[in-house]
There are 2 protein chains.
Amino acid sequence: MSVQFSDIDKLAVSTLRLLSVDQVSKANSGHPGAPLGLAPTAHVLLRHMHLNPTNLDWINRDRFVLSNGHACALLYSMLHLCGYDFSIEDLKQFRQIDSKTPGHPEFELPGVELTTGPLGQGISNAVGIAIAQENFAATYNKPGYTLSDSFTYVLLGDGCLQEGVSSEACSLAGHLKLGNLIAFYDDNHITIDGSTSFSFDEDVLKRYEAYGWEVMTVEKGDADLESINRALESAKKNKDKPTIIKVTTTIGFGSLNQGTAGVHGAALKPDDVKQLKKKFGFNPDKFFTVPQEVYDFYKKSVVEPGVKANQQWDELFRNYREKFPQLGMELDRRLRGELPKNWEQKLPVFKPTDSAVATRKISELVLENIYPVLPELIGGSADLTPSNLTRTKTAIDFQPPSSGLGDYSGRYIRYGIREHGMGAIMNGISAFGANYKPYGGTFLNFVSYAAGAVRLAALSGHTVIWVATHDSIGLGEDGPTHQPIETLTHLRAIPNLHVWRPADGNETNAAYKAAIEAKGSPSIIALSRQNLPQLEGSCKDKSTKGAYVVQDVENPDLIIASTGSEVHLCIEAAKILASKPSPIKVRVVSMPDFMTFDCQSEEYRVSVLPDGIPILSVEVAATSGWGKYSHEHFGIDRFGCSGKGPDVYKFFDFVPEGIAKRAEKVADYYKGKTLYSPIKKALPFKSTNV
Amino acid sequence: MSVQFSDIDKLAVSTLRLLSVDQVSKANSGHPGAPLGLAPTAHVLLRHMHLNPTNLDWINRDRFVLSNGHACALLYSMLHLCGYDFSIEDLKQFRQIDSKTPGHPEFELPGVELTTGPLGQGISNAVGIAIAQENFAATYNKPGYTLSDSFTYVLLGDGCLQEGVSSEACSLAGHLKLGNLIAFYDDNHITIDGSTSFSFDEDVLKRYEAYGWEVMTVEKGDADLESINRALESAKKNKDKPTIIKVTTTIGFGSLNQGTAGVHGAALKPDDVKQLKKKFGFNPDKFFTVPQEVYDFYKKSVVEPGVKANQQWDELFRNYREKFPQLGMELDRRLRGELPKNWEQKLPVFKPTDSAVATRKISELVLENIYPVLPELIGGSADLTPSNLTRTKTAIDFQPPSSGLGDYSGRYIRYGIREHGMGAIMNGISAFGANYKPYGGTFLNFVSYAAGAVRLAALSGHTVIWVATHDSIGLGEDGPTHQPIETLTHLRAIPNLHVWRPADGNETNAAYKAAIEAKGSPSIIALSRQNLPQLEGSCKDKSTKGAYVVQDVENPDLIIASTGSEVHLCIEAAKILASKPSPIKVRVVSMPDFMTFDCQSEEYRVSVLPDGIPILSVEVAATSGWGKYSHEHFGIDRFGCSGKGPDVYKFFDFVPEGIAKRAEKVADYYKGKTLYSPIKKALPFKSTNV
């Protein structure tokens, strides 16, 4: 398909521009500059895109990622003009409470592929989408049955290019030779502080060449549709490399203040808007104007071909299912967002007599077992494969076929030492659809490097899984730089994020089961480096409630609540306390995931942590956050130290005797005092899962 | 000084290698591979470095940054051989509890310039040191009085290059033309996962050229001291660009498994160590061997010239003080780590009648006032200057003089959209010495992007200040992607990190006073976008206790504890409650910094939050972490939303009526119930400031 341009295209571009400006003006808030500069690029892109506003989930649609999410007025204009569920009334509600047009694009909105705004994320997510597409195509395409050949298009600005997360993801994209990824760099020479010459005069295209990308330039991006189109057509032909096209534009094109930081992030003055409309041949006194021929044009040139392509795809897939029934059924299932029946029976079951083993090893075993039955699992590690134990024996690396190191059907990604990039890429893989469940390994402490991406996973509800091993001071010798202290508190405070810290094999199973079945929530699974015994009272089913009584006693004097590698120490401590001359009866509660526990009924929660009994939390990490469940806390509110793992545990007195000593103190202190369950509150309880 | 090499250099290199290997073997833990490959580079570097083991704080010493901190056995060997306070006994305690030789280098150790290990940080810190040196030189050097001309040398590996934080910092270093920065890239083709070809085949030098760096290669880095030296000498001559020298080495050089991932992170087998020692002409049965001539050589060729250079510098500085008494006194003061007398009198004082103003505006006023009297203040923003209000009117940009945009004496850094880079650079500026107090602006939510650097600031005790504006849902329209929820909880859980959230002008003053006077702790100052009234009861001196009673009443029925922009709402709520038919008497407590409050006496803390009275926390953020101070929490445990700031506050019911409603509920609920102060605990209280 060769695209030709005429006057209607110019009119469409002007409409995109002015519709965006009107949104910002109505809200008196937002970013008019980038939409004015980028409308031509956006329009050319639309002319190329396969999309279907009546079937948002069509797996072979082209994806459009607005990495500079602050330009979202442009995106909402595009979606409106192409018949997505964005009315003019919606555009008028730009940036207002409860509107469909928030200040940055949000994943759940129709036609919005990703939540963007935090800079650098969108382009990195797009690398993930491109990886997913290559994997999907390599898995399901058959000669004569090209089920997947979609492109991922990105708009990004200077901010996205400066952020390190994009450097990580784009370096990997170059390595992976993702020819299905095409990015347009809005080279407008302006950031919030002013000229890019203040801080950013690197040679961007040379850098991307160094990454292995194809690079191109369009000099007159404000108007030269033909050149943008020529670059795009050429980029689409190059299947061996991702492409970045530098489009030089004028920020706020047409405004009296065009080319200055003044048009970046504030509404244009009313007079400026008037002259702008005049300049583009629009009535200066009218707002939110769309000429009918523009609607008609997008319908004819974008929507109808897209809908038709989707219909042809449906037909192709019908035939595919006949010809390749097994793959067809599998794909059908994935497109319905369902897991294989009884997949969880593959999860290994543990008995208390099984040997002590690190939960990262359990995780390896779990992955080994479920990997073959879950083609949607696509894993990797940020260069800690032998430590995270994330690679299954039969896995093939996801690599460009020409590398000789794997191929695109491979489901193990060598992310390199790029945690933040990995996080953003996993989000993109999840956003691609087809029920992809990306997982990625690193040390728990270095999940913090990816905080920006983890937060967006939670905000967007991407079902990604972080395999976060070496989850405490128990990692030992690497010392305080590698020992998480605040990390669990941080992650647990992120809304809609599961943070599992399983105590043994069965609890690790529960964590994986929940993480893989989760709809709309990401999960962190924190795993030990050191061996942990299989607990007498542990149970996958109970664990899936987030917290449960792992060892009970009648009329307990004290409850110890703990997680992960400390639970077995607490059970030992309970034994010590039971055998004292004046025995202290202790219930031990294991709390593998706070968020899941918070979602249980109050009745259940109070049954686990009832009134009248002092509750002591025990965890080798910051105590902050435990106040929700316990009256007293034994934790570590300082940084760790370098030494053998068991020595570090001893140093901090996290041994059965040390726990017992504190438990005794707590039991004594509260003897005769009135105590309420921390679960019972005056204010209605709200889980973070909202 | 032209460096010549002979047999003794080879012997020294072998000693460095084997001393490092012996440390790892003794500990049976650590990383022998990089030290074996990098010893020649390290040795050549030592031959060039101006250092003085008897005066660690000599401001004109050259800095050595081991960015690949896992190679620290090499660093400890270097420090031992050059007479720093690292004995052979210390080396034998490698990676053991309480030793001077932890698993990664730590800032407080003699001769260790920075805590490294989390990859990408060291090189980025080094950019900060280089900035500080340029600023220091431009400020104090005078013709004939070159007080500062030191270099910053870095060793870094593939991991550091893959991490985004280094991309951010190195792009900026290129822009800033930091000719005093020289990095050696250990190109050993191996990461933990195996060959770099798995994930990292970009053209690193081309990328650095794109950043504006000078690039060089040394092909035979395992032995070719002359080539390493030639590159280094050439790099030192180029004053206009930072330099990266790619030194191709063999990881684990000499080991039977050299060139494989197997030698990266585990001790070599005893037999391998034996053959290695034989290969290098050492007794295979002896450990921790240092030939006397190697000690003598380092003493003669490194230590003595360094000590002499320091003496000459002392003489120069004596003369300088006579010739430039004012600058001399200032510098003297800074080198003593003291602030100017009465500097804090420049802090503006506010009266309740002063107009309502955003605390970010107060922050601007504070900076405006103190900037001229504190030459150690060196600030900037991650491209949010007009939002963070971090640039004072008279500030000059820190820019290469050739740019025409500023010069190196400038104290305002245009960081670009690089939060993580900014954080790491600030850490480096602080580590340079001379009492530098770097501050950097961004939105509070995006401090998370820099979590890796913030954590290291706290662990190392760098006195950096984050000016974190737009600190809540109050930022409004930008929506949930920009509204922090978990951020305060996260940051407060980091040990040794002050997190100030001032409620008005006087509290903002207190925050700045504390942050600037802090010794060994970094600070975050969270500031509002929206206007806040000057409170009747606010007070700088009380605020410096971290929490205080801002509005009291006799025999309160309830205490509301709050921070920042919610304090005035709580005071309004208290008025509503007082005027009810059955009045509820409310004490309002403002808690601008938890960590500072935690450091007060128990007596004081209990006086603020006494027994017997229900305490309700009110903060527009995650409730996690408040359990330490309050029984009930009114917060936001979900993501925010896009809308006008006041509308978003209303949406979440954070208005005086909404607070009063909840306060009433809480007061009712606890009526007649026994309540203890959350300050009083069975287990001894530990502040995070340890």
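Criteria and thresholds
Residues numbered from 1 in each chain as written. Chains lettered and ligands numbered in written order. Predicted model: local features only at pLDDT ≥ 70, side-chain atom pairs only at ≥ 80, totals over all residues. Heavy atoms only, no water. UniProt positions renumbered as here; feature names shortened; annotations may be inferred. Least-squares fit on C-alpha atoms with pLDDT ≥ 70 in both. Contact = heavy atoms within 4.5 Å. Pairing = 2+ DSSP bridges. Helix = DSSP H or I, 4+ residues; strand = E, 2+ residues; numbered from the N terminus. Axes fitted to C-alpha atoms, helices over the stretch in contact; angles between N-to-C directions. Expected span 1.5 Å × (residues − 1). Buried < 20%, exposed > 50% of the residue type's maximum accessible area, 1.4 Å probe, protein only. Buried area = accessible area lost by both parts, 1.4 Å probe. Salt bridge = Lys/Arg side-chain N within 4 Å of Asp/Glu carboxyl O. Nonpolar A, V, L, I, M, F, W, Y, C, P; charged D, E, K, R; others polar.

An unreviewed UniProt entry lists chain A under the name Transketolase, from Huiozyma naganishii. Recorded in UniProt under Function (unreviewed entry), the annotation for chain A is "Catalyzes the transfer of a two-carbon ketol group from a ketose donor to an aldose acceptor, via a covalent intermediate with the cofactor thiamine pyrophosphate." As stated in UniProt under Sequence similarities (unreviewed entry), the record for chain A gives "Belongs to the transketolase family."

The next point concerns the relation of the copies chain B and chain A. Superposing the two chain copies requires a rotation about an axis and a translation along that axis. The operation relating chain B to chain A is a screw motion whose rotation component is 180°, with 0.0 Å of axial translation and a residual RMSD of 0.0 Å. The relationship between the two copies is best expressed as a two-fold rotation axis. Of the C-alpha atoms belonging to chain B, the one lying closest to the rotation axis is found on glycine 164 of chain B, 1.8 Å away. A share of 100% of interface residues in chain B that are also interface residues in chain A marks the association as one of identical surfaces.

This part takes up the sheet that holds strand 10 (residues 412-414) of chain A. All names here are of chain A. Spatially, six strands are ordered 10-9-11-12-14-13 in an open sheet, and the strand pairing comes out parallel. The open sheet has two edge strands, strand 10 and strand 13 (498-500), and neither has a second partner. Here the average twist between neighbouring strands, direction ignored, is 20°. Most of the contacts of helix 15 (residues 419-432) go to strand 11 (residues 437-443), to which it runs at about 170°, and overall it touches strand 9 (377-381), strand 10, strand 11 and strand 12 (465-469).

All names here are of chain A. Across its 21 residues, helix 1 (residues 7-27) extends 30 Å between first and last C-alpha, which sits within 8% of the 30 Å expected from 1.5 Å per residue. Burial within helix 1 is extensive, with 16 of its 21 residues counted as buried. Looking one or two residues past helix 1, asparagine 28 carries a phi angle of roughly 50°, positive in sign.

Residues and elements named next belong to chain B. Across the two faces of strand 6 (residues 214-218) the burial differs, with Glu214, Met216 and Val218 buried and Val215 and Thr217 not buried at all. Across five bridges, strand 6 lies against strand 7 (residues 243-248) in parallel orientation. Paired with valine 215 across the two strands is isoleucine 244, which belongs to strand 7.

Another point: the interface of chain B and chain A. Taken residue by residue, the interface counts 113 residues in chain B and 113 residues in chain A. Interface of chain B and chain A: buried area, both sides summed, is about 9500 Å²; carbon and sulfur atoms make up 58% of it. Between chain B and chain A we count eight salt bridges in total. Here the side of chain B that touches chain A is built from residues that sort into 42 nonpolar, 40 polar and 31 charged.

Now for the UniProt feature "binding site: Mg(2+)" (unreviewed entry) in chain A. UniProt records the feature "binding site: Mg(2+)" (unreviewed entry) at Asp158, Asn188 and Ile190 of chain A, using the numbering of this structure. Taken along the chain, the residues just named run across 33 residues; in space they keep tight, none of their C-alpha pairs more than 8.1 Å apart. Summarising the element assignment, aspartate 158 of chain A is placed in helix 6 (residues 158-162). With a relative accessible area of 4%, aspartate 158 of chain A lands in the buried category. When neighbours within four sequence positions are excluded, aspartate 158 of chain A is seen to be in contact with Tyr185, Asp186, Asn188, His189, Ile190, Thr191, Thr196 and Phe200 of chain A together with Ile417 of chain B. Tracing the sequence through the fold places asparagine 188 of chain A in the loop between strand 3 (181-187) and strand 4 (190-191). You can call asparagine 188 of chain A buried: its relative accessible area is 9%. Beyond its immediate stretch of four places on either side in the chain, asparagine 188 of chain A contacts Asp158, Thr249 and Ile251 of chain A.

This part covers the UniProt feature "binding site: thiamine diphosphate" (unreviewed entry) in chain A. Residues and elements named next belong to chain A. Here the UniProt-annotated "binding site: thiamine diphosphate" (unreviewed entry) positions come out as His70, Gly117, Pro118, Leu119, Gly159, Asn188, His264 and Phe446. Spanning 377 residues, the named residues do not form one spatial group; their C-alpha atoms are separated by as much as 34.5 Å. Here histidine 70 lies in the loop between strand 1 (63-66) and helix 3 (72-81). Each residue touching histidine 70, except ones within four places of it in the same chain, is listed here: His31, His104, Leu119 and His264. Leave out the neighbours within four places in its chain, and histidine 264 touches Gly30, His31, Pro32, Gly33, His70, Ile192 and Ile251.

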